[in-house]
Amino acid sequence: MIVAVASRNPNKVRAVEEAYRLFGIPARVVVAAKPAALPPQPVGLDAVVKGAVERARAAVYAVEAADHGVGIEAGAVGVGGQYLDITVAAIADRSGRVTLGFGPAFQIPDLFLAEVLRGVELGALAERHFKRGAVGYREGIIGVLTRRRVTRLDLNRSAVAMALVPRLPYNKELYR
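What counts and how
Residues numbered from 1 in each chain as written. Predicted model: local features only at pLDDT ≥ 70, side-chain atom pairs only at ≥ 80, totals over all residues. Heavy atoms only, no water. Helix = DSSP H or I, 4+ residues; strand = E, 2+ residues; numbered from the N terminus. Rg over C-alpha atoms; globule rule 2.2 N^0.38 Å. Contact = heavy atoms within 4.5 Å. Areas by Shrake-Rupley, 256 points an atom, 1.4 Å probe, with all protein chains shown as cover. Lys, Arg positive; Asp, Glu negative; His and termini not counted. Charge placed at Lys NZ, Arg CZ, Asp CG, Glu CD. Expected span 1.5 Å × (residues − 1). Patch = residues over 30% accessible without salt bridge, like charges linked within 9 Å, V, L, I, M, F, W, Y side chains within 5 Å. Salt bridge = Lys/Arg side-chain N within 4 Å of Asp/Glu carboxyl O. Buried < 20%, exposed > 50% of the residue type's maximum accessible area, 1.4 Å probe, protein only.

Student: Give a description of the overall build of the chain that names residues and reports values.
Tutor: What the chain contains, in helices and strands, is six helices and five strands. For the chain, the C-alpha radius of gyration of 16 Å lies close to 16 Å, the compact-globule estimate for 176 residues. The dimensions of the chain, computed from C-alpha atoms along their principal axes, are 45 × 30 × 30 Å. In the chain, once contacts between residues fewer than 6 apart in sequence are set aside, the share between residues at least 24 apart is 60%. Carbon and sulfur atoms provide 54% of the accessible area of the chain, an area that totals close to 9,100 Å². The average position of the 24 basic charges and that of the 16 acidic charges among the side chains of the chain differ by 3 Å.

If you want it as structure tokens, here you go:
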């Protein structure tokens, strides 16, 4: 199976490889360009899901031989008076079917919240504050906050694995 990922971020590519491997699905993961019109920091659950779905659909059609396209998007979602950073994965195929999965979410630090809600990317804020380059391509802000006990790879892998659940052969009768 050929799986196209709409990102050049090594965390996302590796997460897709590991999620498919987790379920014993042989997959060759290839990189595809992400859609140009996506906001750098989606705010609201609908915006995060839309970004993941747009990435997945773009990826499956960008790579001619792709069976699946995967989009992974993280963004700020208001829940219970707090704002959480949540990772959403979407898997699209050529029939038009899209399946979704969510990764673990964590509370956005108060220090960054106002700027995040204005659309400033959380990763950029973390890089500036912690004086570390390419945080999003490494452990992610969650890795910095947890001292690498939980990383961005973990969040991405979980989201992709959950998006694969409806596609597993033994779940075929449960999902349409």
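From this point, the narrative continues.
Student: Run through helix H6 (residues 152-164), naming residues and quoting values.
Tutor: Between its terminal C-alpha atoms H6 stretches 19 Å, which fits the 18 Å expected from 13 residues at 1.5 Å a residue. Turning to H6, the residues buried within the fold contact helix H1 (10-22), strand E3 (68-79), strand E4 (82-93), strand E5 (98-107) and helix H5 (140-145).

Student: How would you summarise a nonpolar patch on the surface if you had to cite specific residues and measurements?
Tutor: A cluster of nonpolar side chains, Val43, Tyr83 and Leu117, forms an exposed patch at the surface whose accessible area comes to about 210 Å². Checked against the element boundaries, Tyr83 lands in strand E4.

Student: Got a sec to walk through the pattern of salt bridges? Specific residues and values, please.
Tutor: Evaluated as defined, the whole model comprises nine salt bridges. One salt bridge connects Glu18 with Arg14, and the closest N-O pair in it is separated by 2.8 Å. Of the two residues, Glu18 and Arg14 both sit in helix H1, four residues apart, roughly one turn of that helix. The buried category is assigned to Glu18, whose relative accessible area is 17%. Given the relative accessible area of 45%, Arg14 is considered partly exposed. Residue Arg167 pairs with Asp93 through a salt bridge whose shortest N-O separation is 2.9 Å. With Arg167 in the segment after H6 and Asp93 in strand E4, this pair connects stretches of sequence that are 74 residues apart. The same class applies to Arg167 and to Asp93, which are both buried.

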